[in-house]
Amino acid sequence: MLFKTSLKKELLVNSITALLILISIVMAQRITFYLRYAAKGAIPNDSIITILGLNLIKYSPLLLSLSIFLAVLLTLSRWYRDHEMIIWLSSGLSLAKIMKPIASFALPAIFMVAFLSLFLNPWAVRTADQFKSQLKSRDELSRLNPGTFKESKSLDRVFYIESFDELGSAVKNIFVQTKHNNKLGVVIASNGHREISKKGDNYIILQKGRRYEGVPNTKEFSTTEFDQYGILTAQQPIEPFIETVDSKKLSDVIKSKTLADRLELQWRIASPISCILLVFLAIPLSFTNPRAGRSLNIIFAVLIFIIYNNLLAIMNTFISLKKVSVTIGFWPIHLIFLLAAIYFTYKRSVNQPLFNLKSILNTK
């Protein structure tokens, strides 16, 4: 009983640690990607956190599955190195007996992976697509980043704003360059704010500034001071939301008979199935010889994880190209790894190496 309690506690700590590290890696990679786009003015700064959170939900089934796999692998590897596994086996308990406490620990995580893959992940994809379509319809001022020059889509105006307030409605130190009827205009103001007219048009109301207007390469030039000056900002129409296959609700996917929807259903089911198989694969793969290197089995296990997910992606491509029947689906891949888990567990239970390299070399 003490061994089982200690095992579950260590599995929980290792799984949380692995999950936090994986989330940090993904967030660091994605936030760098989105900051690059925000610096170019492609997306507003205030939308980065929302997009990052929705993308994190999208990758969460894979991250959670990998963290549980690594938790089982690292925990049992330490047990082998510190001879705790020898005590377990010498007390009359087989390797198969340890599967029960590991399964009771992994079962809630597997249900979570299933929930994320079947329900939450499609919601995140659907919400992200809707959010992106709303961003495209925002006015020019909403897409500006403080301290950078931004050209309008119509290519007839250049904006520069030094800073926004916390709500993004008031602006300071505004520069606007316009081109109209072969005349170049420059408007400078120290303050301004957004304003929506009764017709729903968006304006930037500049206060206490100057407007310079003239014809390039000529002496025709004028200066005008103003107390208030309104600039109409272009606003794109809201694009209709087009639902993609990976954003459909589970009930709609189940009811549909199209190839894309049937393939999507199998893809969503593949996440919890692969999580189950990887957990049981980690048990025989965690064996560590105290005299050997500590990282060899971890590298081999991570390689198996990568191969598993790549094979699923390759099979997904074959099915979409109609080279493999959707009825067959991903089941051959799952069956291969199920048989591998059974074979590896048997080899470890009879205290034999997973691969007998000497016999392979002698055969050659």
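Throughout, a residue's number is its position along its own chain's written sequence, starting from 1. Whole-chain, interface and lining totals are the exception, using all residues; otherwise, since this is a predicted model, local features are given only for residues with pLDDT of at least 70 and side-chain atom pairs are given and counted only at 80 or more. Hydrogens and water are ignored here; the side-chain numbers use all heavy atoms of the structure.

Draft legend 1. Main features of a positive patch on the surface. By definition, no residue in a patch forms a salt bridge, and every one has over 30% relative accessible area; like charges are joined within 9 Å, nonpolar side chains (Val, Leu, Ile, Met, Phe, Trp, Tyr) within 5 Å. Computed by Shrake-Rupley with a 1.4 Å probe, the accessible areas treat only the displayed protein chains as cover when residues are assessed. Whenever a carboxyl oxygen of Asp or Glu lies within 4 Å of a side-chain nitrogen of Lys or Arg, that contact is scored as a salt bridge. Asp and Glu count as negative and Lys and Arg as positive, but His and the ends of the chain are not part of the count. The atom standing in for a charge is NZ when the residue is Lys, CZ when it is Arg, CG when it is Asp and CD when it is Glu. Residues Lys4, Lys8, Lys97 and Lys100 make up a contiguous surface patch of positive charge. We count a stretch as a helix when DSSP gives it H or I for four or more residues in a row; a strand needs E for two or more, and each element gets its number in order from the N terminus. The residue lysine 4 is located in helix H1 (residues 2–39) in this model. Lysine 4 gets classed as partly exposed once you look at its relative accessible area, which sits at 35%. Here's how the labels work: a residue is buried when its accessible area is under 20% of the maximum for its type, exposed when over 50%, partly exposed in between, all with a 1.4 Å probe on protein chains only.

Draft legend 2. Inspection of the environment of threonine 17 at higher detail. Considering the arrangement of structural elements, one finds threonine 17 in helix H1. Measuring from C-alpha to C-alpha, the distance between threonine 17 and serine 67 comes to 8.2 Å, with 50 residues separating the pair along the chain.

Draft legend 3. Looking closely at the packing of aromatic side chains. A pair of aromatic rings is counted whenever rings of Phe, Tyr or Trp (Trp by its six-membered ring) have centres within 6.5 Å, and the orientation is called stacked for planes under 30 degrees apart, edge-to-face for over 60 and tilted otherwise. Within this structure, the stated rule accounts for seven aromatic pairs. Summarising the aromatic geometry, the rings of tyrosine 308 and phenylalanine 337 are spaced 4.0 Å apart at their centres and angled 5° between planes, so their arrangement reads as stacked. One end of the pair, tyrosine 308, is in helix H7 (residues 296–320); the other, phenylalanine 337, is in helix H8 (residues 331–349), and 29 residues separate them in sequence. Both residues of the pair, tyrosine 308 and phenylalanine 337, count as buried. Taking 5.9 Å as the distance between ring centres and 55° as the angle between the ring planes, the aromatic pair formed by tyrosine 343 and phenylalanine 344 counts as tilted. Given a relative accessible area of 7%, phenylalanine 344 falls into the buried group. Its guanidinium or amino end placed over the ring of phenylalanine 33, arginine 30 lies 4.9 Å from that ring's centre, counting from NZ or CZ. In this scheme, the term charge over a ring applies when either NZ of a lysine or CZ of an arginine sits within 6 Å of the ring centre and within 35 degrees of the ring normal.

All we've got here are geometric facts, nothing functional implied.
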